[in-house]
Amino acid sequence: MLEEVERWLADRSWSAADRPLDQLLDLKRAAGTTVSVVLPALDEEATVGAIVEVIRRELIEGLPVPLVDELVVVDSGSADRTAEVAAKAGARVVHRDEILPRIPALPGKGEVLWRSLLATTGDIVCFVDADLRDFSASFVSGIVGPLLTDPGVHFVKAMYDRPLGDTPGQGGRVTELVARPLLNLHWPQLAGFVQPLGGEYAVRRSLLERLPFPVGYGVELGLLVDALHTVGLDALAQVDVGVRVHRHQGGQALGRMAAAIYRTAQVRLSRGHLVRPELTQFERGPEGFVPRTYPVDTEERPPMLGVKEYGRRHVA
């Protein structure tokens, strides 16, 4: 590991307990900073309501000043009751296709996160995956904390243990098999991030609006790499929030995620074109193995500062 990264680990890795909530509320009130929490959601009726309820109960209601000013669930086309459950729990629910309708929506998590910048106004934007179980408010307060206490920090990732079923530490298979090797080999300054692909991170809007967003699963790696190049390693940080329990994907879905992440890295390494932006996987059928070919996400959305609707909102 680079000496620079060892120093960064000592200086920019914290625990959620390092910044008590009352301290954060005092700083937030004094600075007038606003915080938006965004939950990208697709068919998450089983978990989204409980997450919204915890955030409302512990970070909005009954506090001298709310830590969270906006709580928004962006539904990317759920076929279940995700939108209804989220709204009943107290979130503002916006459908992906209602945001920036001039540009037809593409499928993918990154697309939802990109559009959420137009649906929110907070100085700090905090993303939280909607499939978490046993959710704790420290997932939000922990990663927002450094942005309220240190003006030099611009991007904060959550770090946590990821059990796979009853086995501790075995979650994050795409992280260990794809993302971590890529980062260590090509962006060794980022080798200190425990969960580089984690879906819980808080970022200053002033940085997010300057970054391109891969539309699919590569968004977390893409944002992290581009943030490094835009603001430097010392502006990045991570906070330990404990244990993350969520729904795990099957092996083939993980393969598609891995391909998208590799593609995101490849574009940032060469800014070139893929020879074949597809991934073929195999499923056993009645007569043997059947090939299934899937497209690999190849689209990226431009920095939001270049979108005219976003610019008009700032002028207004």
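Keep in mind the model is a prediction, meaning the values are calculated, not measured.

J.: Before we go on, may I ask you to explain the packing of helix H9 (residues 219-231) against helix H10 (residues 251-270) in this structure?
T.: For any two helices packed against each other, one specifies the inter-axial angle together with the distance between the axes. As a packed pair, H9 and H10 sit with axes 9 Å apart at the nearest point and diverge in direction by 25 degrees. It follows from the interaxial angle that H9 and H10 lie roughly parallel. In this structure, the crossing between H9 and H10 has a hand that is right-handed. Where H9 abuts H10, its residues Leu221, Gly222, Val225 and Asp226 lie against Ile261, Thr264, Ala265 and Arg268.

J.: When you look at the nonpolar core in this model, what are you seeing that I'm missing?
T.: The nonpolar side chains of soluble globular proteins are, as a tendency, buried together. Ranked by internal contacts, the top residues of the largest apolar core, which has 49 residues, are Phe155, Val174, Leu190, Phe213, Leu221 and Leu236. Looking at this core, the elements with two or more residues in it are strand E3 (70-75), helix H5 (109-119), strand E5 (124-127), helix H7 (173-186), strand E8 (201-204), helix H8 (205-208), H9 and H10. Sort the elements by how many residues they give to this core and H9 lands first, with 7 residues. Discounting residues that sit within four places of it in the chain, Leu221 has contacts with Ala179, Leu183, Leu197, Ile261, Thr264 and Ala265.

J.: Any chance you could explain the sheet that holds strand E2 (residues 35-41) here in plain terms?
T.: Backbone-to-backbone hydrogen bonds join strands into a sheet, with any given pair of strands oriented parallel or antiparallel. Pairing is mixed in the open sheet, where 8 strands are placed in the order E1-E10-E7-E8-E5-E2-E3-E4. On the outer flanks of this sheet lie strand E1 (13-15) and strand E4 (92-95), each paired with one strand and no other. Going across the sheet, the axis of each strand differs from the next one's by a mean of 25 degrees, ignoring polarity. Of the pairings in the sheet, the one linking strand E7 (residues 155-161) to strand E10 (residues 236-243) comprises 6 bridges and is parallel in character. When the bridges of E10 are listed, Phe155 appears paired with Leu236. Sitting on the sheet, H9 touches E7, E8 and E10, and the angle it makes with E7 is about 135 degrees.

J.: It is not clear to me how the side chain of Glu111 should be interpreted in this structure. Could you clarify?
T.: Looking at where Glu111 falls in the secondary structure, it is placed in helix H5. With a relative accessible area of 0%, Glu111 lands in the buried category. Looking at Glu111, its side chain comes within polar contact range of the main-chain nitrogen of Leu106, at 3.2 Å. Other than its neighbours up to four places away in sequence, Glu111 contacts Arg96, Pro104, Ala105, Leu106, Pro214, Val215 and Arg301.

J.: What should I look at first to understand the pattern of salt bridges in this one?
T.: Note that side chains of opposite charge can pair when their charged atoms are close. Using the criterion set out here, one finds 22 salt bridges in the structure. Between Arg115 and Glu111 there is a salt bridge, with the nearest N and O atoms lying 2.8 Å from each other. Of the two residues, Arg115 and Glu111 are both situated in helix H5; the distance of 4 residues between them amounts to about one turn of the helix. Take Arg115: its relative accessible area is 1%, and that puts it in the buried class. A single network of salt bridges, built from pairs that share partners, joins Lys109, Asp129, Glu200, Glu220 and Arg244.

J.: What am I meant to see in the environment of Phe193 here?
T.: Along the polypeptide, Phe193 turns up in the loop between H7 and E8. Judged by its relative accessible area of 1%, Phe193 is buried. For Phe193 and Arg180, which are 13 residues apart along the polypeptide, the C-alpha to C-alpha distance reads 8.8 Å.

J.: I tried to follow helix H6 (residues 138-149) on my own but got confused; where do I start?
T.: Because each turn of an α-helix spans 3.6 residues, side chains separated by three or four positions in sequence point in the same direction. Compared with an ideal rise of 1.5 Å per residue, which puts 12 residues at 16 Å, H6 spans 16 Å between its outermost C-alpha atoms and is within 8% of the ideal. Among the 12 residues that make up H6, 11 are buried, leaving the element largely enclosed by the rest of the structure. Among the residues of H6, those classed as buried are Ser138, Phe139, Val140, Ser141, Gly142, Ile143, Val144, Gly145, Pro146, Leu147 and Leu148.

J.: What's the story with the environment of Phe127 in this structure? I'm lost.
T.: Along the chain, Phe127 turns up in strand E5. Judged by its relative accessible area of 1%, Phe127 is buried. Remark: the alpha-carbon pair of Phe127 and Arg210, spanning 83 residues in sequence, is separated by 17 Å. Apart from the residues within four sequence positions on either side, Phe127 is in contact with Val38, Leu113, Ser116, Gly199, Glu200, Tyr201 and Leu208.

J.: I'm lost on helix H1 (residues 3-12) in this one. Help?
T.: When we look at burial in H1, the residues that qualify are Val5, Trp8 and Arg12. Relative to the axis of H1, the buried residues are bounded by an arc of 55 degrees and lie together on one face. For H1, the exposed residues lying more than 90 degrees away from the buried face are Glu3 and Ala10. Check the buried side of H1 and you find it contacts E1 and E10.

J.: What am I meant to see in unusual backbone geometry here?
T.: Both trends apply: most residues other than glycine have a negative phi, and most peptide bonds are in trans. Despite not being glycine, Asp43 shows a phi value in the positive range, around 55 degrees. If you trace the backbone, Asp43 turns up in the loop between E2 and helix H3 (48-59). Residue Asp43 is classed as partly exposed on the basis of its relative accessible area, which comes to 35%. Not every positive phi belongs to a glycine, and Asp134 is a case in point at roughly 55 degrees. If you trace the backbone, Asp134 turns up in the loop between strand E6 (132-133) and H6. By relative accessible area, Asp134 is classed as exposed at 68%.

Calculation criteria
- Residues numbered from 1 in each chain as written.
- Predicted model: local features only at pLDDT ≥ 70, side-chain atom pairs only at ≥ 80, totals over all residues.
- Heavy atoms only, no water.
- Axes fitted to C-alpha atoms, helices over the stretch in contact; angles between N-to-C directions.
- Helix = DSSP H or I, 4+ residues; strand = E, 2+ residues; numbered from the N terminus.
- Parallel < 35°, antiparallel > 145°, perpendicular 65-115°, else oblique.
- Left-handed = near helix turned anticlockwise from the far one by under 90°.
- Contact = heavy atoms within 4.5 Å.
- Core = buried A, V, L, I, M, F, W, Y, C linked by side-chain atoms within 4.5 Å.
- Buried < 20%, exposed > 50% of the residue type's maximum accessible area, 1.4 Å probe, protein only.
- Pairing = 2+ DSSP bridges.
- Polar contact = N/O pair within 3.5 Å; in protein donor to acceptor, adjacent residues only side chain to side chain.
- Salt bridge = Lys/Arg side-chain N within 4 Å of Asp/Glu carboxyl O.
- Expected span 1.5 Å × (residues − 1).
- Arc of directions from axis to C-beta.

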